[in-house]
Each structure stands twice: as structure tokens, then as C-alpha cells.
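# A look at the structure
The primary structure of each chain is shown beneath.
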Amino acid sequence: MSFKKNVELNDFRCDASVPLTDSLHKDSRDKFGPWAPCQGSKMLTSGRGPLTQAEAIVQMNKFFDNYYADLELCNPILTKKVRVTQALSTMEATGDYEHTAEELSWAAKTAWRNAPRCVGRHLWKTLTVVDARKASSCRDVFDAICRNLRVSYNGGQVNPSAIVFRQRYMEAKDTPGIRVWNGVLLAFAGFEKENGDVIGDPKNVYLANLAKSLGWKPIKEGNFELLPIIITDANQNTEVFEIPNDIKGYVVDITHPTEPEITKLGLQWYAIPSVSSMMLEAGGIQYTCNQVAGFFQDTEISIMNLLAESRYNLMEPIGRALKLDVSKNSTYWKCTVATELTRAVYHSFKLARVSMTDHFTLSDSFHLFMKEEMRTRGGCPTDWLWVVPPMSGGLVPTFHQEMLRYTLSPSYEYQPGPEMFFRKRRNKVSFRALATTVMKCLEMMRERFKERKRATIVYATEGGTALSYARTAESLFVKAFSASILPITSITNKDGLQKCIDCSDIVIAIASTFGEGGPPSMAEEFHRNLLNKSYRFDGMQFAVFGLGSSQYIETFANFGKTLDREMEIGGGTRITEVGFGDDQGNQKLEFDNWIKALYEKCCKDYLPLSGRPQDTAIEGATLDKVYRWRYSDKRSLSECFQEEIGPSEKMFEFTVKAKKSLSPDGASEKYYLLTLSYNADPKRDMLLFLPGQHIGIFPKNLSSVKEKIVRRLSDVPFSSIPLIIEEKIAIHEPWRQWNPNYSGLTIDEFFGNVADLKQIPANLHETLEKDDKNGENGHKTSREDQLEELDSAKFIGQIPTIKRRLFSIASCQNDSHTLNILIALHEFMSDGKMVRGLTSDFVRQAPLGEKIQGYLSKGDEQMRLPQDSRLPLLLVSVGSGFAPFMSFIDARERAARTGIKTGPIFIFHGCRYKEHDFLNSLLESAATVLNIKTFRAYSRSEPDCKKPGQNGRVEIKIEAKKMFKKSRVQDLVAAYSRTEPNFKMPGQNWKAVRKTGLTTVLAKKGYVQDLIAEQGEVVARVSRDGGYMYSCGGSEAVGGVRGQLEKTLLEQGCVSLQEMMCRKRYQEEKFG
Ligand SMILES: Cc1cc2nc3c(=O)[nH]c(=O)nc-3n(C[C@H](O)[C@H](O)[C@H](O)COP(=O)(O)OP(=O)(O)OC[C@H]3O[C@@H](n4cnc5c(N)ncnc54)[C@H](O)[C@@H]3O)c2cc1C
Ligand SMILES: Cc1cc2nc3c(=O)[nH]c(=O)nc-3n(C[C@H](O)[C@H](O)[C@H](O)COP(=O)(O)O)c2cc1C
């Protein structure tokens, strides 16, 4: 029953306006009036089901009344009376009647005119209506839809159009009728990931899943993948159809005229809003399948689709990308985002020449239409909530206009989803029964958790690896134990340790080794107490995992071993053998295997049969984690790295100022000298580094490698948005941040600066390479899917992060704030392929001006020059091990140039080939003021001095003269380890000693150790004169040098190397 009085509708924008009068509402189908509850803000109704025949007859009569009233001036083929009689008799005979094509066309247009929620219906008369009632199979329907989409799109000049399929006949009223399941014909799919995140449009996850279950295979699961169309035909067959490629092109890239950050998001939207799930109800006939397409209003895309929280939810990401202050509402950042995105949408559609109206213009048009309808028709049913745009509401006339919402016939109606007809009735469970079951389950869970055994995981880490393993252990043990993690600092005092023992049934310690077989710095105090036997571990059931590096042969995982030993000596009981993980091998796999075996053992040994998981669950327990991206506040790379290195060091941004290759083309050993500049505050940063100190560098992945991988992951989030990664193993576990140091970075930074792309598992590398080759001829490999299955957060979460590398500073601090480093390109064969070190390759390829994140390392363990510059130095280096000595020589050279007396410097240097020897070029300047003697060993060289017509001596002489002509260098001694020395003299098996002016040349085929053995007197002289000895290079070489020095000092009757070390007169540094 309707409200029978006319209703006056005011326009509050202009006080003087004459109110509009609505009388049309008296025709409304719904209960309507002041006594009816206001449903103005109700969005969706459950939808209209099938009509009874009585309802259909009432509607049919009304339909013809209105139809013939509209056609008053025309000349219909049949008079109204004849037509109604005809329709009635068909209905009596069959239960149904059918519309003529003209009636159908009028019905669709008028339903649009009557649609209270449509703001664009002023165009109702121009609607093209396609009669597709002949289509019966899913394929027929799909083909008709595609044809009509092409006509509607019209090259971007969108034609308002409708297509109507066969009505639902009375005999089929218990079925959904012909149906398109999609809400709109062109829509983006939503893909739900394992972790609950959605890629694409969350609104369409259900449809995407349904389509997949019907056989749809999305090409990729991206943010803007057009959903296929799902159709149920009159026989209730349901099929899914991929949208044809040409129609897939009806999509507009969203760009912004002035804000590149919005353009960079790579947003898209489809060109036509073609509503496809509503029912056209006209004259008692229900057309369950029909589509109406107009064109978009800008805010429909920006506000309702891209910004809405339940949809793409881009408000905050865009706010951050635009660098707005998103911390509080009162900065009005949301308005800026809404405006800028709406501008972008409008701009993009115009750029693509696709029809689109801005919300101001459309509101004006609608307001005029409404007034005209009131004048000519006596009313205009309108839903204020829908026609007022979702932004700038108060700025458009419709906001100030009173409106009435009611339903006229013909109409577009919501209808129950097709699945409602297919769904089977389930047995109803009473609320009481359900509540009782839930309570019982909760009670049982509480009891089980109370009974749970407690596992405490203690970690000691320097670089974070042990902590990440501890987290993995926790995630595994939490399946059957009450598991928690503690840093070793919490058990450093005895009370803390006792509490840990009392509160734990088992303790798992995971610890790395640092320095010379010592603990990480966080465990230094614990380590001291441990060795002093200050702790008791009675009652503790423990297991230890030690992390280390097999490069440290003698001290491999020493701290882990010490922990394991001392815990047992202190009264603890070992659950299982200590485990080891070597960072030179597959440390993570070693840990995973160890922890899984431990978990299995602990479940079986510590848990009662009744309270433990089934054996299959224990054995099959997985360490696979799920990962997801989350938005976060933006942080700079340097902030993240600062957290990584801790507060005792300070991050700097270095710039590559100069780069020089020290090796000839084609050399097998390649060395580079880099000059880096940095910004320092001359007052605050007076002394930044001393000779012998290091810089730490965070290398970057090469952009070609990064891009290759990013291209292959289908779900990479928007590129300019700051993100964090969250992870968990067990479903019931809370999400936690994957690596808290790395938060607020963009996807580009995660792939460029955080994940070590050199450490991707070999099989994935192979896939990438194969794809690259196949990419050229367009084939895809079956293994390609491997990467696509990996989502991007998981990909990052599973590969190691880039660790900083240390480099000796090869110069002194200077006023121009520059420093040098000498880098050897790290090259080795892996699986038959040449692999390059991450940092050395990055540095090698870095162009001038490249920014490098790093810091000046303050570690105490670094080599230092003696205060007294008169003391002689013995420098033993292999390859880039010469780097720290360059800073020593630079310091001495500077001292000499200011008139300070400096002692002699003896350099024993080794490399593979004579051609790779870079000392000459590096010593040129220093040799003019310092007393330097060099001794060189080439381990693999055929001396190039052996040229036809020349003998080696001549060449060496020329070279030496050229180099040292101005110098005070006394002797030059060279050793070639694998050379057939052509200056081999009778009675001498390895050396040729010649005087070349001031220079003595000594050649030896061998290693630096051999030089030391030969030059015992030099070593003895340095020792006796109170000089300092240094050795630097790879750990093997440094070990060899130490052994030889020990021997030579003994042979020469000097103080032992041990004593030299105690007095810091022998210092060494291993590069790895
Ligand atoms: C205190 C200190 C000072 C240093 N100073 C310098 C310096 O001044 N100049 C300099 O050049 N270097 C220096 N280094 C070494 C430097 O830090 C790097 O380790 C080195 O440059 C290699 O780094 P990268 O990133 O290029 O190689 P990475 O990517 O780290 O590759 C090296 C890794 O490759 C693997 N690998 C190496 N060889 C093989 C092989 N044959 N088969 C399989 N895998 C292999 C190993 O896992 C190794 O850890 C110093 C190191 C330390 C600790
Ligand atoms: C400066 C330095 C010294 C190291 N000393 C040792 C050592 O003496 N013995 C050893 O086995 N490993 C040594 N390592 C290797 C680390 O123990 C190994 O890389 C470990 O995985 C680091 O784990 P973390 O990140 O948890 O600290 C050393 C590493 C560095 C960088």
C-alpha cells in the first residue's frame, strides 16, 4: 500500500525554488509512506524470486496500461484490448506469455528510466535494446554477449545498450533461469592466497574460484585479470568462457597527468560497466539474464572500486606513495588521495578516448533530468544514497535535493544468486547444540594447552641467522609444545638461567661463532661465565645447534661446541648430538633436518601417548611457512641497514667517484681500485677511520637479475608502496614480521637490496635461464610454473638476505672525504658455470655516481700501525690482501712528506701471474719518498719477460728502472712460483739476483711463504729492530704465512711469533 498524497520535494540549495511535486509514487509496488520504516540506506536486498501467476497477471495488466499510454500517439499494430486478451489467454493455456520485440525494447528502456539508483538514466531513450531470446545454449548466450559488448564499446565511444535473453518460464520457476553469474560482464578476478591475502578484486574471489572449479586456468594471478564469464543456460548447464582477446583490450591504464607515483602503481580499469546479474521484470515476465551498459562516472572507479576498503583498498598505499601525512585524519590526506585518483581516472579515460563523465557534470545532468521527469511524468523515483556521488557530495545539486525512492514497473531487480537454487538444504543444527559443542571444544583445548610440555629456544646471533632459525624452531615446536624464544642475554644472569631451567622441559640453544672461535657479541658475558664455570645446568634437558663457517677450519662452530660441552659438564642432560650448520654449505637445510629430527625425538620421548600428535603428523611436520605482504610506513634503506648493523656503527652513503681496473683485459684475476666519497660533518666526524680499518658494504643485486625475477612472479604488489613481510607456519600462530629490520621498503628495494638473488636455489635459477632462452621463440617450459607458484612474499622470505661485506680501506682519511678500496672480483665455478661474487660483481659494474650503502667499521680486531713511524714493517699479502697495506703505506707516505722519519717497508706479495701484479702501479708515488722493498711470488705465471730476443732480466730491469727511477727503493725481489725462471742460473734452482742500479731483483716461482723462507734475514731484521709484521689475504694463505713466520723466527733465533702476537707486533687478517 502506498502513501496516497502528493509529496513535495524541496531543493535546499536555493531557498527560492518552487518545490517539486511527486505523485508518481502512488504507482509504487512497495509499501511506502511516512509510516513505513525508512530503508534509504539499505544497499542490497535478498532479491526477487519467481512470481506467482496471480502476481504476474496483475503486473501484465499494469504493463499494458503503461505501454499503451506511452504509445498514445503512435499506431500500434494491435489495440490494447486485443493485446491484453491475447496475452491472458496464452497465460491461461501455458502459464506464460511473451513480449513482442517492441514491447521488450520499451520494457528495457523504461526499466532503466525507473531505476532509482542510476544517475546516468537521462539517456534512457537512447538505449539500444538487443533481443537475444533465441539464444539457448551457454555458447549462444556467450556469443551474443560478446557481440553486444563490441557494439556497446564502439571504439571507446560507448553506446548505452541492453541485451535481453530468454525469460524464465513458469515451468522453470524453481530454477535460476538463464543466468550470467558475473555481477558485471567485465570485472577483475580476485585470487585468494594461502595466507588469506587477495590479489586482484576481493569482491570476485568467489567467482574466480568458481570459474577455476569449472576449468578456468588464469594466465596469471595478477591484480587486473579479467574474469571469464560464467553462464548457466536454460537447461541448467553451466560453462565458463574466457573473454576474447579483443574484448580484453577494453581496459584503460590509469595514469596521472602530474603525479608519477600514481602512474607507477600500474592500475587499470575496464572501460564499460555492463551490469549483468540483475533481472528485468516487466509485465509479470522475469528476464533473469540481461545486461545493461552505460558508461562510467569517474568516482565509481576511484572511490567505490579502487579505494574502498573491501575492494582494492588503496587509500593508504596511495597516501604513502604521494608522501602525505597519513598519521591522522586532520591532515585531510584522504581527500587528496580521493581527488588525485579521481583525476587520474578521468584523465586516463580521456587519454584512451573512452567515454567517461566527471561526477559534477553527471550530477548536473541528473538533476535536470529529475526536474524534467517531475514536470512531465509527475515523479522520478530516486535513491539519494546512490545518485549523490561518493565524493564532493555537498558540492553537487543532487545532495541538496529531496528525493523519493520507490519501485515502478518495469524494473531492474536484484535476484538471488544462481547458487541459491543449486544449494542443497543442510540439516539444521540448533544454536544450543552448536554452543555446547563449541564450549566443549574450548574446554578440551584449554586442558591440552595446560598439559603441554614447555620448549624454550635460546639464541645467540651476530648477523640474525641464528634468530631466524630459532623462529623456525619455535614454529615447529609450537605444534606440540608450549614453545617460546629467548635471547641468550635473558639467561646471562644466574636468576634468568634458573628461571629458564625451571620453566622449560627442554631447552634448545642455537648459536653462531665469531671472531677467533668466540661467541657473538651478545653472548660475550655468558661465554665468560660459562668458561669460569659460574653456571649450573642441573635438570636442564638440552640440545645445541652451532652455526659456523668451514672457512674457519680450527674454530668451526666453536661457540656451539663450547655450549654443548659446558652444559653437560654443568649438570645438564643432552637430548641429542650437537648439530652444525656451515654457512659455506647448505646451512639452512642442515638446520631444518636437525630440528625436525629433534622435534620427532622430543615428541616421542617427552609427550605422553595421549597428548601427542599422531606419528604421521610428527614425521610429516612441515617447516614450510606462509608469507604475506602488509603495508607499512616508509623507511629508507639506510634506516633498515642501520638496524641490521646495530647502533655501534653508523651508516653512510658512499658515491663511486672513480674506478680503475688494475688488471689487463682477459686476466683471470681481476682487481679494481675504487674511490668512494662520503658525506661527513667536519666538526663531528673528525676522526672517522684509521689505517687498517674497514668499510662494510651492502651490495645490490644487478638490475638485470632483479628484473628477470620480478617479471616471473605474478603477484608482485604495487611497486612504489612501502611494505613489510609477515610469516607464520602454523595456521593458529599469529602473523609475525619476517625480518623486523627490513620494513617499510618498496618491492623494488626488497628485490634489489634485501634478498640475495645469488642464493636462489639452483633449480629455480635453471628455470629462469631456460625461460630466457625459450622466451626468444615464445615457448614455455613445464618448469615455468615453479616460479609462478611461488608468491612474491614467500620468494623473498625464503632466500637469504644480502649480508654486508667488509673491505679494508686502502687509503688514509683525507680532507676531500674520499677513500679507496681494492677489490678482487670473486669468480668461481659452480655446477660448470662461472659465478661471480655479489659485491665484487656489483662494484665492478657500478657506474660513476652509483650510491652504495655502507658504514665505517669500528671493530677492535682490525690491524693497526705502530705509533712510531720509524719502526720497520713487514707486510705479507696475497691478492687483494694488499688492500689494508695501502692504507699503511699512504699513512707513512704522508708522514714522510711532512718530514717525519719513516722506517723501511718490506713487502712480500703473491698472486697467480706476473701480469696480474698490480703493486707497480700502486707504489709509484710512495716509492719516491719511502724505503720500500718488495718480494713477489707468482704461483702460475709463465714470465712474460721470456720473449723472443729478450731475456727476462732485461725486461725486469727496464720495468724496475722505470718504476723506481726516482725512488729510494733498495731491493726488488720477485718470486714466480710456477714459472720456469729463465734467469735460473747454474747452481741456483729458483732465483736470479741482479743489481739494477739501486734495485735488486729476486724471482721465485712459488708462494709468499717461500719468499719468507728465503728471506729469513729480512724477517729477522724486522724482528730485531722492533718492527711490526702483518699478514693479510684468504684464510688458507694467512694460515700458511703464520706457520712459515713461526718457523723462520725460530730458525733466526728471534722472539717467537706467539710473543710477537701478544705484543701486537704480529697481526693478521683473513678475508674469508
Ligand atoms: C675483514 C675483511 C676485510 C676484507 N677486505 C677485503 C678487501 O679489501 N678487498 C677484497 O677484495 N676483499 C676483502 N674482503 C673479502 C670481501 O669481504 C668479500 O668476501 C669478497 O669480496 C667476496 O664478496 P662477494 O660479495 O663478491 O662474493 P660473495 O657473493 O660473498 O661470494 C663469495 C662466496 O662464494 C662462495 N664461493 C667462493 N668460492 C667458491 C667456490 N670455489 N665454489 C663454490 N662456492 C664458492 C662462498 O660461499 C663464498 O662465501 C675482506 C673480508 C674481511 C672479512
Ligand atoms: C668476522 C667473522 C668471524 C667469524 N668467525 C668464525 C669462526 O671463528 N668460526 C666459525 O665457525 N664461523 C665463524 N664465522 C661464521 C659465522 O659463524 C657464520 O657466518 C654464521 O652463520 C653466522 O650466524 P649469525 O648470523 O647468526 O651470527 C665468522 C663470521 C664472521 C663474519
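## What to know about the overall build of the chain
Helix and strand counts for the chain stand at 34 helices and 43 strands. Out of the 1072 residues in the chain, the part that is buried amounts to 53%. Summarising the internal contacts of the chain: among those between residues at least 6 apart in sequence, 75% fall at separations of at least 24. For the chain, the accessible surface area stands at approximately 49,800 Å², while carbon and sulfur atoms represent 51% of it.

## Describing the site of ligand 2
In the vicinity of ligand 2 lie 20 residues, with Thr461, Thr465, Thr513, Ala557 and Asp583 positioned nearest. The contact in question runs from an oxygen atom of ligand 2 to an N or O atom on the backbone of Gly464, over 3.3 Å. A distance of 2.5 Å separates an oxygen atom of ligand 2 from a polar atom in the side chain of Asp583. Those elements giving two or more residues to the shell around ligand 2 turn out to be helix H15 (465-477) and strand E22 (541-548). Considering only residue class, the shell around ligand 2 consists of six nonpolar, twelve polar and two charged.

## A closer look at the packing of helix H22 (residues 703-712) against helix H23 (residues 747-754)
Close contact between H22 and H23 brings their axes to 10 Å; oriented N to C, the two are set at 130°. Classified by the angle between their axes, H22 and H23 sit oblique to one another. As H22 packs across H23, the resulting crossing turns out to be right-handed. On the side of H22, the interface is formed by Lys706, Ile709 and Val710, while H23 contributes Asp748, Phe751 and Gly752. Across the contact of H22 with H23, the residue classes break down as three nonpolar, one polar and two charged.

## Observations regarding the pattern of salt bridges
Inspection of every chain in the model, using the stated rule, returns 47 salt bridges. Close ionic contact of Asp748 with Lys706 constitutes a salt bridge, the shortest N to O distance being 2.9 Å. Of this pair, Asp748 sits in helix H23 while Lys706 is found in helix H22, placing the two residues 42 residues apart along the sequence. Given a relative accessible area of 12%, Lys706 falls into the buried group.

## Some points on the packing of helix H8 (residues 298-307) against helix H10 (residues 333-351)
Look at H8 against H10: their axes get within 8 Å of each other, and the N-to-C directions meet at 125°. The angle between H8 and H10 places the two elements in the oblique class. Judged by the twist between their axes, the crossing of H8 over H10 is right-handed. Between H8, through Asp298, Thr299, Ile301, Ser302, Ile303, Leu306 and Leu307, and H10, the contact on the second element is made entirely by Val337, Ala338, Leu341, Thr342, Val345, Tyr346 and Phe349. Its residues assigned to classes, the contact of H8 with H10 shows ten nonpolar, three polar and one charged.

## Focus on the site of ligand 1
Taken together, the neighbourhood of ligand 1 is formed by 20 residues, with Leu806, Leu822, Leu838, Thr839 and Ser840 sitting nearest. The separation between an oxygen atom of ligand 1 and a polar side-chain atom of Thr839 is 2.4 Å. Take Ser880: an N or O atom from its side chain is 3.3 Å from an oxygen atom of ligand 1. Coverage of ligand 1 by the protein amounts to 72% of the 970 Å² it exposes when considered alone. Here the element with the most residues in the shell around ligand 1 is strand E31 (residues 805-808); it accounts for four residues. Classifying every residue of the shell around ligand 1 gives nine nonpolar, eight polar and three charged.

## Observations concerning the sheet that holds strand E14 (residues 285-287)
One open sheet holds the three strands; their spatial order is E14-E13-E18, and the pairing between them is antiparallel. Because the sheet does not close on itself, it has two edges, and the strands there are E14 and strand E18 (411-413). Averaged over all adjacent pairs, the angle separating strand axes in this sheet is 30°, with direction ignored. For strand E13 (residues 279-282) and E18, the ladder comprises three bridges, and the chain directions are antiparallel. By the bridge assignment for E18, Glu281 is matched with Ser411.

## Topic: unusual backbone geometry
Residues Ser409 and Pro410 are joined by a peptide bond in cis, for which omega reads 0°. Relative to the assigned elements, Pro410 resides in the loop between helix H12 (384-387) and E18. Residues other than glycine seldom take positive phi values, yet Asn154 does so here, at roughly 50°. With respect to the helices and strands, the residue Asn154 is situated in the loop between helix H4 (138-153) and strand E4 (161-164). Phi angles above zero are rare outside glycine, and Lys323 is one such case at about 60°. Its location among the elements puts Lys323 in the loop between helix H9 (315-321) and H10.

## Overview of the packing of aromatic side chains
For any pair of aromatic rings, the description consists of the separation of the ring centres together with the inter-plane angle of the planes. Applying the stated criterion across every chain yields a total of 47 aromatic pairs. Between the aromatic rings of Phe188 and Phe224, the centroid separation amounts to 5.2 Å while the plane-to-plane angle is 80°, which identifies the pairing as edge-to-face. Within this pair, whereas Phe188 is found in the loop between strand E5 (179-180) and strand E6 (190-192), its partner Phe224 is found in the loop between helix H5 (205-213) and strand E8 (229-232), the two being separated by 36 residues in sequence. Take Phe188 and Phe224: they sit in the same class, and that class is buried. Judged by centre distance (6.1 Å) and plane angle (35°), the ring pair of Phe652 and Phe654 falls under tilted.

## Focus on the pairing of strand E37 (residues 905-911)
In terms of residue burial, E37 counts as a mostly covered element, since seven of its seven residues are buried. Residues Ile905, Ile907, His909 and Cys911 of E37 are buried on one face, and the alternating residues Phe906, Phe908 and Gly910, pointing to the opposite face, are buried as well. Of the pairings in the sheet, the one linking strand E36 (residues 873-878) to E37 comprises six bridges and is parallel in character. If you follow Ser877 over to E37, its bridge partner there is His909. In this fold, E36 hands off to helix H28 (residues 883-897), which returns the chain to E37; that crossover is right-handed. As paired strands, E37 and strand E38 (residues 932-938) are joined by seven bridges and run parallel to one another. Its bridge partner lying in E38, Phe906 is registered against Lys933.

## With respect to the sheet that holds strand E12 (residues 274-275)
If you trace the four strands from one edge of the open sheet to the other, you get E3-E4-E15-E12, paired in mixed fashion. The open sheet has two free edges, formed respectively by strand E3 (128-131) and E12, since each of these has just one partner strand. In terms of strand pairing, E3 meets E4 through four bridges, oriented parallel. From the neighbouring strand, Val129 faces E4, where its bridge partner is Ala162. Along the sheet, helix H3 (residues 101-114) makes contact with E3 and E4, crossing E3 at roughly 135°. Strands in contact with H4 are E3, E4, E12 and strand E15 (290-293); relative to E4, the strand with the most contacts, it is inclined by about 170°.

## Let's talk about empty space enclosed by the protein
All chains considered together, the criterion is met by four cavities of 30 Å³ or more. For the largest cavity, the calculated volume is near 130 Å³. Looking at the largest cavity, it is lined by 15 residues, and the ones nearest its centre are Asp96, Arg168, Met170, Gly284 and Gln286. Approximately 50 Å³ is the volume attributed to the second largest cavity.

## Considering the environment of Leu723
Residue position: Leu723 is located in strand E29 (residues 723-728). With relative accessibility at 1%, the residue Leu723 sits in the buried group. Taking the C-alpha atoms as reference points, Leu723 and Arg630, 93 residues apart in sequence, are found 5.5 Å from one another.

## Brief notes about the confidence of the model for the chain
Chain-level statistics for the chain give a pLDDT mean of 85 and a share of 85% at 70 or above. Overall, residues 423-429 carries pLDDT values under 50, and its contacts beyond four positions in sequence, including any with other chains, amount to one contact.

## With respect to the environment of Leu476
Tracing the sequence through the fold places Leu476 in helix H15. Owing to a relative accessible area of 0%, Leu476 belongs among the buried residues under this scheme. As for Leu476 and Thr622, which are separated by 146 residues in sequence, their C-alpha atoms are 7.5 Å apart. Apart from residues lying up to four places away in sequence, Leu476 is in contact with Ile595, Lys596, Tyr599, Ala621, Thr622, Leu623 and Ile729.

## Considerations on H3
An α-helix turns once per 3.6 residues; consequently, residues spaced three or four apart project the same way. Its 14 residues place the ends of H3 20 Å apart at the C-alpha level, agreeing with the 20 Å of an ideal helix rising 1.5 Å per residue. Among the 14 residues that make up H3, ten are buried, leaving the element largely enclosed by the rest of the structure.

## Examining the environment of Leu875
Turning to its location among the elements, Leu875 is positioned in strand E36. A residue is classified by how much of its surface remains accessible, and Leu875, at 0% relative accessible area, is buried. Ignoring any residue separated from it by four or fewer positions in sequence, one finds Leu875 in contact with Phe885, Phe888, Ile889, Ile905, Phe906, Ile907, Phe908 and Tyr1030.

The rules behind each value
- The written sequence of each chain sets the order in which its residues are numbered from 1.
- All chains are assigned letters beginning with A, and all ligands numbers beginning with 1, in the order in which they are written.
- Owing to the predicted nature of the model, reporting of local features is limited to residues with pLDDT of at least 70; listing and counting of side-chain atom pairs is limited to 80 or more, with chain, interface and lining totals taken over all residues.
- Excluding hydrogens and water, the side-chain values take into account all heavy atoms of the structure.
- Secondary structure elements are defined from DSSP: runs of H or I of at least 4 residues count as helices, runs of E of at least 2 residues count as strands, and each element is numbered from the N terminus.
- Exposure is judged per residue with a 1.4 Å probe applied to protein chains only, and the accessible area is read against the type maximum: over 50% gives exposed, under 20% gives buried, and values in between give partly exposed.
- Contacts are residue-level and defined by heavy atoms, with any inter-residue pair within 4.5 Å sufficient.
- Only the protein chains shown count as cover for residues, and all accessible areas are computed by the Shrake-Rupley method using a 1.4 Å probe.
- Any residue with at least one heavy atom within 4 Å of a molecule or strand is counted as near it.
- A 3.5 Å cut-off defines polar contacts: any pair of N or O atoms within that distance qualifies, except that in protein one atom must be a possible hydrogen donor and the other a possible acceptor, and neighbouring residues in sequence count only when both atoms are side-chain atoms.
- Three classes are used: nonpolar for Ala, Val, Leu, Ile, Met, Phe, Trp, Tyr, Cys and Pro, charged for Asp, Glu, Lys and Arg, and polar for all others, with Gly counted as polar.
- Between N-to-C directions, angles cover 0 to 180 degrees, with each direction set by a line fitted to C-alpha atoms, over the stretch in contact for helices.
- For classification, angles of less than 35 degrees are called roughly parallel, those exceeding 145 degrees roughly antiparallel, those between 65 and 115 degrees roughly perpendicular, and all remaining angles oblique.
- Throughout, a crossing is termed right-handed when the near helix is turned clockwise from the far one, and left-handed when it is turned anticlockwise from it by less than a right angle.
- One speaks of a salt bridge when a side-chain nitrogen belonging to Lys or Arg is within 4 Å of a carboxyl oxygen belonging to Asp or Glu.
- For two strands to count as paired, DSSP must find a minimum of two bridges between them.
- The aromatic pairing rule takes the rings of Phe, Tyr and Trp, using the six-membered ring of Trp, and pairs them if the centres are within 6.5 Å, calling planes under 30 degrees apart stacked, those over 60 edge-to-face and the rest tilted.
- If you view a crossover with the strands going away from you and the path from the first strand over the helix to the second runs clockwise, you call it right-handed.
- Using a grid of 1 Å spacing that covers the protein atoms alone, one calls a set of points a cavity when a 1.4 Å probe fits there but cannot get out, and a pocket when the set is open and has protein on both sides within 12 Å along at least five of seven lines; lining residues are those with an atom within 4 Å of a point.
- Grid points are joined across faces, edges and corners, and a volume is the space filled by probe spheres set on the points.
- How sure the predictor is of each residue is captured by pLDDT, a score from 0 to 100.
- Expected helix span is computed as 1.5 Å times (number of residues minus one).

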